[in-house]
Amino acid sequence: MNEENGRTFGRRTVLKAAGAAGLLLAGAPAWSAASSSRKRYAVVGVGSRARMFTRAITDKFSDNNEIVGICDRNAGRASLAVKTITATGKSAPLAFAASDFDRMIKETKPQYVIVTTTDASHDDYIVRALDAGCDVITEKPMTTTAEKAQRILDAVKRSGRHIRVTFNYRYSPPRSQIKDLLMSGEIGDVISVDFTWLLNTVHGADYFRRWHANKANSGGLMVHKATHHFDLVNWWLGAQPESVHAFGSRQFYTPETARRMGLSGPHERCLTCPEKQKCSFYFDLAADPGLKAIYLDNEKFDGYYRDRCVWRPDIDIEDTMNVMVRYDNGAHLNYALSAYDAWEGYHIAFNGTKGRLEHRIVESGGAAGAAKVQSGNENVSIRIIPIRGQARDIEPWTGKGSHGGGDDVMLTEIFGEAPPDKYKRVSDERAGAWSALVGIAANKCFATGQTVRIADLVTGLAPPDRAPMPDRSTPVPMPIRIKIP
Ligand SMILES: NC(=O)c1ccc[n+]([C@@H]2O[C@H](COP(=O)([O-])OP(=O)(O)OC[C@H]3O[C@@H](n4cnc5c(N)ncnc54)[C@H](O)[C@@H]3O)[C@@H](O)[C@H]2O)c1
């Protein structure tokens, strides 16, 4: 079953799931609002990504933060989240069904709501949380359509509350370093950017198994995945995207490819696949205890399969996407994303008035087994080539942990004490909208073939707070003369 069509669970189901797990849930609070001076959080959507936030709150940042409410449309996952939190020795948060989200806010009184549901449902929880007087921390993409983006922008204005969109990619040390180099003016002001992002046949294929495979859930990879990349470019340039033209198609993850690879055709899911021995895209959900506990064991509550066949005809997202963006400062972006590549990572080049900055990362990880299909070792390179000058390689900044160490830096900023940030990496609804709208515009262009102006998609969207970038009116030194013998 498509997760969007999944049923929400009722209170009885929550308690039944909780009972099965031996838990104390809604109706029997272990937590009390009056007893704590910690910041209070409710989390909606407790699947895989939510764990980064719940772990941070219950572990490193537990002195000043606590989780008071859990909400999910899947009773089993809600129970699992409560069980995992209580196993750390912290007070049990109350668990609520999706239909009881407003009641959760009323009863548990969180100051912050963390939104980690599927992409297309973010807007609903963001708007309801803001209107209930909470601040919101939401995963990317902030949302998936222009109408939903408008609802969020309007709700921020109406409520006076705040949103934080967790663009963790900004915090990874080499990407912050790129911002630092661009701010330094060494390559002058940037006129054009060439950016290619590659997803390999393990991590890339995973998007075609999960809820992401349907645009109604994810906005497609143009929104779900590329929102990270468009946000990086918006932030790196310190500029706003103005107009977008794009081509997109699905050419690899198709029934035809399955047949060309010798299969009889697509099937429903890996678990029951009659050709699992023949298909190297077979994904064994039961093999990983973590994935099994989150998804397989909880299928009975909503019928969501995390291991659907990547060759299904009902997939409606693209695997091959090319986008051109013009920015309000005149810069051009040429961007490509594909999801069936021989290696995973990206390369980007910024062409400025004084030189060129090239940066490349070959990534590992990202999905179970992804490292096994890399074409080389994990590596990061940064090079500056002045116009008519000597190229120099720059030692990349490094970090530890998920997303190149970026997640940890961001979590400290959210839940702990962080020094003032000269790169202005914190992002609110404006950055969330500017990046999502590039993907939304690309989706529109896929359908109509017409160039899309971002200003035609929403109203009242201001530029975010930006770090100062090289001024376009600054004199540019004349390059050295080339001696032609
Ligand atoms: N920043 C990053 O690097 C990063 C990485 C992974 C995921 N994410 C984002 O995190 C979010 C969650 O992704 P995930 O990988 O954890 O997915 P997931 O499928 O593992 O978890 C989603 C959870 O939300 C629940 N849910 C779905 N719709 C709901 C609804 N309407 N109401 C209540 N609960 C609902 C599901 O039951 C599930 O428990 C997505 O927005 C995704 O884009 C961000």
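Residues numbered from 1 in each chain as written. Predicted model: local features only at pLDDT ≥ 70, side-chain atom pairs only at ≥ 80, totals over all residues.

In this section: the overall build of the chain. What the chain contains, in helices and strands, is 16 helices and 15 strands. Burial statistics for the chain: of 485 residues in total, 49% are counted as buried. Residue pairs in contact within the chain that sit at least 24 positions apart in sequence constitute 77% of those at least 6 positions apart. (Helix = DSSP H or I, 4+ residues; strand = E, 2+ residues; numbered from the N terminus. Buried ≥ 20, exposed ≤ 12 C-beta atoms within 10 Å, placed from the backbone. Contact = placed C-beta atoms within 7 Å.)

Looking now at the site of the ligand. Lining the immediate environment of the ligand, one finds 25 residues, of which Gly45, Gly47, Ser48, Arg49 and Glu139 sit closest. Within the shell around the ligand, the residues separate by chemical class into five nonpolar, twelve polar and eight charged. Looking at which domains feed residues into the shell around the ligand, each of domain 1 (3-117) and domain 2 (169-253 + 315-456) supplies at least three. (Near = placed C-beta within 6 Å. Nonpolar A, V, L, I, M, F, W, Y, C, P; charged D, E, K, R; others polar. Domains from an automatic or database assignment.)

Spatially, β3-β2-β1-β4-β5-β6 is the arrangement adopted by the six strands of the open sheet, whose pairing is parallel. Only two strands of the sheet have a single partner each, and these edge strands are β3 (94-97) and β6 (163-165). Shown here is a sheet whose adjacent strand axes are inclined to one another by a mean of 20°, direction ignored. The pairing of strand β5 (residues 135-138) with β6 spans three bridges and is parallel. (Pairing = 2+ DSSP bridges. Axes fitted to C-alpha atoms, helices over the stretch in contact; angles between N-to-C directions.)

A few words on the pairing of strand β13 (residues 379-386). The pairing of strand β12 (residues 355-362) with β13 spans eight bridges and is classified as antiparallel. Each bridged residue has a counterpart across the sheet, and for Arg360 the counterpart in β13 is Ser381. Inspection of the sheet shows β13 paired to strand β14 (residues 392-394) by three bridges, in the antiparallel sense. Looking across to β14, one finds that Arg383 is bridged to Asp393. Between β13 and the antiparallel strand that follows it, β14, lie five residues; Arg388 among them carries a positive phi value of about 55°.

Attention shifts here to the packing of helix α11 (residues 226-237) against helix α16 (residues 429-448). Taken N-terminus to C-terminus, the directions of α11 and α16 make an angle of 120°; their axes are 8 Å apart at the nearest point. Classified by the angle their axes make, α11 and α16 are oblique. In the crossing of α11 with α16, the sense of the turn from one axis to the other is right-handed. Only Ala431, Trp434, Ser435, Ala436, Val438 and Gly439 of α16 make contact with α11, whose side of the interface consists of Ala226, Thr227, Phe230, Asp231 and Asn234. (Parallel < 35°, antiparallel > 145°, perpendicular 65-115°, else oblique. Left-handed = near helix turned anticlockwise from the far one by under 90°.)

Of all eight residues in strand β2 (residues 65-72), eight are buried, a share of seventy percent or more. This β-α-β element, strand β1 (residues 39-44) to helix α2 (residues 50-58) to β2, shows right-handed connectivity. Judged from the four bridges that link them, β2 and β3 form a sheet pairing that is parallel. Bridging from a neighbouring strand, Gly69 pairs with Leu94 of β3. Handedness of the crossover joining β2 and β3 through helix α3 (residues 75-86): right-handed. (Right-handed = clockwise from strand over helix to strand, strands pointing away.)

Further remarks concern the environment of Val68. By the secondary structure assignment, Val68 is in strand β2. Under the C-beta neighbour-count criterion, Val68 is labelled buried, with 26 such atoms within 10 Å. The sequence separation of Val68 and Glu107 amounts to 39 residues, and the corresponding C-alpha distance is 9.6 Å.

What follows covers the nonpolar core. Core analysis: the biggest nonpolar cluster contains 126 residues, and Val43, Val113, Leu437 and Ala441 have the highest contact counts within it. No other element matches the ten residues that α16 contributes to this core. Contacts of Leu437, omitting those with residues within four sequence positions, involve Ala146, Ala149, Ile454, Leu457 and Val458. (Core = buried A, V, L, I, M, F, W, Y, C linked by C-beta atoms within 7 Å.)

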